[in-house]
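# Close look at the chain arrangement
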Amino acid sequence: MEKDVLPSPASAAPQPSTAAVPALPALRTVSPEQLSQQLAAGTWETQLLDTEPNYDVDLRAWNLGGMLVTSGNLPRRRHVRSASRIRGDDVDHYYLQFSSADRLYDSDGERQWVRGGQLVLRDMSRPSEMTSDQGRNLVLVVPRGALEKLLPGVSHLNGRILEGPASRILCQHLQSLPTRLPEMAGSQAEGVAVATLHLVAACVTQVRHAAAQAYPVVSSVLLRQAYEYIEQRLVDPELDAQRICMALRISRATLYRLFEASGGVSSYIRERRLLRIQDAIRGGRGDPLARIAQAYGYDNQAAFSQAFKRQFGYRPSEVMRADAFTAGQAQHQGEAQDIRNWLQGLRA
């Protein structure tokens, strides 16, 4: 009679990693200088609006791999993300902010008032200024590419307030993360990140459809097909509305309605091309600027430079390679540097 044989540790099936979610040490009571440095993280200029010898902030941050989460009780403050920071720091993400405090945003010449308790989506590629009252603050940073995979064409969502049933679920979920993440293993957090990203996409979809007066499902399918067609042909000089209509077998009127919320199909194509050019410049492969622009249909350098500056607020020659900027900013130290490294390493 054979005996049962227990597998040896070497032959046992591999177990999921139990390593904790990467987190920075919690900051409890900090000086104004420490708090300003931590909040700036190399990507914002921060000014504290209340004068206190120390602040009780309970500031924490986690890296879920596909997104970052920060939480803290923050005083009155002003954050500025300038064009010079944007063109140099290679941080091109969206961040979703929930706060118990009222906030005032100033971006692209427009002011936006966001009430406490509302979720707002902000684009880190746009220059902006935020002034906030004191309150509990929670931020979710999501790489642009990850959101585009679930919802192409999200470049016009800067300042969108997420509302409705899905956003209320998302809000409750986000508020639970500071309690739940310390209890999770890193492998579990990766699944939470994926689920959270899909929930964000669901909220964004709801907002977009509300703005477009709830297009039928077929319109959503056509729009996604149009995005994919355009993305695959950005270097094609003959890409235009007629080509898209022929490929999708739709009328010009239908195509124009699909892209109405994006400022028009030509505007969308131009923005996607300029974003590709900006990525190529930052990639630092050494290609001449004129050649990069020409690959995306810009034969006239003056026209290209004007279009680029109109889109991003600075000239293409002012875009810094990511490695050059990192070398020039080596003075950032401690936890603030860790946050900055996380932001730069966050990719889809």
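Residues numbered from 1 in each chain as written. Predicted model: local features only at pLDDT ≥ 70, side-chain atom pairs only at ≥ 80, totals over all residues. Heavy atoms only, no water.

## A closer look at the pattern of salt bridges
A side chain of one charge can pair with a side chain of the opposite charge when the charged atoms of the two come close. Across all of its chains, the model carries 16 salt bridges by this definition. Across the pair R60 and D58 runs a salt bridge, and its minimum N-O distance is 3.8 Å. Across the pair R144 and D92 runs a salt bridge, and its minimum N-O distance is 2.8 Å. Of this pair, R144 sits in helix α3 (residues 144–150) while D92 sits in the loop between α2 (83–89) and β6 (93–99); the two residues are 52 residues apart in sequence, bridging distant segments of the chain. You'll find R144 and D92 in the same group, each marked buried. Residues participating in the shared-partner salt-bridge network are R28, D58, R60 and R136. (Salt bridge = Lys/Arg side-chain N within 4 Å of Asp/Glu carboxyl O. Helix = DSSP H or I, 4+ residues; strand = E, 2+ residues; numbered from the N terminus. Buried < 20%, exposed > 50% of the residue type's maximum accessible area, 1.4 Å probe, protein only.)

## A short note on the nonpolar core
In terms of nonpolar packing, the biggest core is built from 36 residues, with I230, I244, F259 and I277 touching the most fellow members. The dominant element in this core, judged by the number of residues it contributes, is helix α9 (residues 265–283), at eight residues. Leaving out residues up to four positions away in the same chain, I277 has contacts with I292, A293, Y296, Y298, F304 and F308. (Core = buried A, V, L, I, M, F, W, Y, C linked by side-chain atoms within 4.5 Å. Contact = heavy atoms within 4.5 Å.)

## Thoughts on the sheet that holds strand β2 (residues 45–48)
If you trace the five strands from one edge of the open sheet to the other, you get β2-β5-β10-β7-β8, paired in antiparallel fashion. Unpaired on one side and paired on the other, β2 and β8 (110–114) mark the two borders of the sheet. When strand polarity is set aside, the average angle formed by the axes of neighbouring strands in this sheet is 15 degrees. Inspection of the sheet shows strand β5 (residues 77–81) paired to strand β10 (residues 128–132) by five bridges, in the antiparallel sense. Within β10, the residue paired with R81 across the bridge is S128. Sheet strands touched by helix α1 (residues 32–40): β2 and β5. Its angle to β2, the strand with the most contacts, is close to 145 degrees. (Pairing = 2+ DSSP bridges. Axes fitted to C-alpha atoms, helices over the stretch in contact; angles between N-to-C directions.)

## So, the sheet that holds β6
Spatially, seven strands are ordered β1-β3-β4-β11-β6-β9-β12 in an open sheet, and the strand pairing comes out antiparallel. Edge positions in the sheet fall to β1 (27–30) and β12 (160–162), since each has one partner strand and no second. Strand after strand, the sheet turns through a mean of 20 degrees between neighbouring axes, direction not considered. In this sheet, strand β4 (residues 68–74) lies alongside strand β3 (residues 55–63) in antiparallel orientation, the contact comprising four bridges. Looking at β4, one finds that R60 is bridged to S71. Docked against the sheet, α1 engages β1, β3 and β4, running at close to 25 degrees with respect to β3.

## Here's the deal with the side chain of D92
The class for D92 is buried, based on a relative accessible area of 16%. When near neighbours in sequence (up to four residues on either side) are disregarded, D92 contacts D123, S125, R144 and R282.

## Quick word on the packing of aromatic side chains
This structure, assessed with the given rule, holds nine aromatic pairs. Ring geometry for F259 against Y268: centres 5.5 Å apart, planes inclined by 50 degrees, an arrangement best described as tilted. Residue F259 shares its accessibility class with Y268, and that shared class is buried. Clustering of aromatic rings is evident, with ring pairs tying together Y298, F304, F308, F312 and Y314. (Phe/Tyr/Trp six-rings, centres within 6.5 Å; stacked < 30°, edge-to-face > 60°.)

## Examining empty space enclosed by the protein
Under the definition given, this model contains three cavities of 30 Å³ or more. Looking at the largest cavity, it is lined by 22 residues, and the ones nearest its centre are L39, W44, T70, N137 and V139. Those elements that place two or more of their residues in the lining of the largest cavity are α1, β3, β4, β5, β6, β11 (135–143) and α13 (334–345). It is β4 that contributes the most residues to the lining of the largest cavity, five residues altogether. As a volume, the second largest cavity reaches approximately 40 Å³. For the second largest cavity, the full set of lining residues is L24, P25, Q38, L59, R60 and A61. (1 Å grid on protein atoms, 1.4 Å probe; cavity = no way out; pocket = protein on both sides within 12 Å on 5 of 7 lines; lining within 4 Å. Points joined across faces, edges and corners; volume = space filled by probe spheres on them.)

## So, helix α4 (residues 165–180)
Helix length check: α4, at 16 residues, gives a terminal C-alpha distance of 22 Å against a target of 22 Å (1.5 Å per residue), a fit within 8%. Buried within α4 are the following residues: A166, S167, L170, C171, L174, L177 and P178. Down the axis of α4, the sector holding all buried residues measures 140 degrees, keeping them to one side. Looking at α4, the residues exposed on the side facing more than 90 degrees away from the buried face are R168 and Q172. (Expected span 1.5 Å × (residues − 1). Arc of directions from axis to C-beta.)

## Some thoughts on the environment of C203
Note that C203 resides in helix α5 (residues 186–211). Placed 33 residues apart in sequence, C203 and L170 show a C-alpha to C-alpha distance of 8.1 Å. If near-sequence neighbours (up to four positions away) are discounted, C203 is found in contact with L162, A166, S167 and L170.

Purely spatial values, then, with no claim about function.
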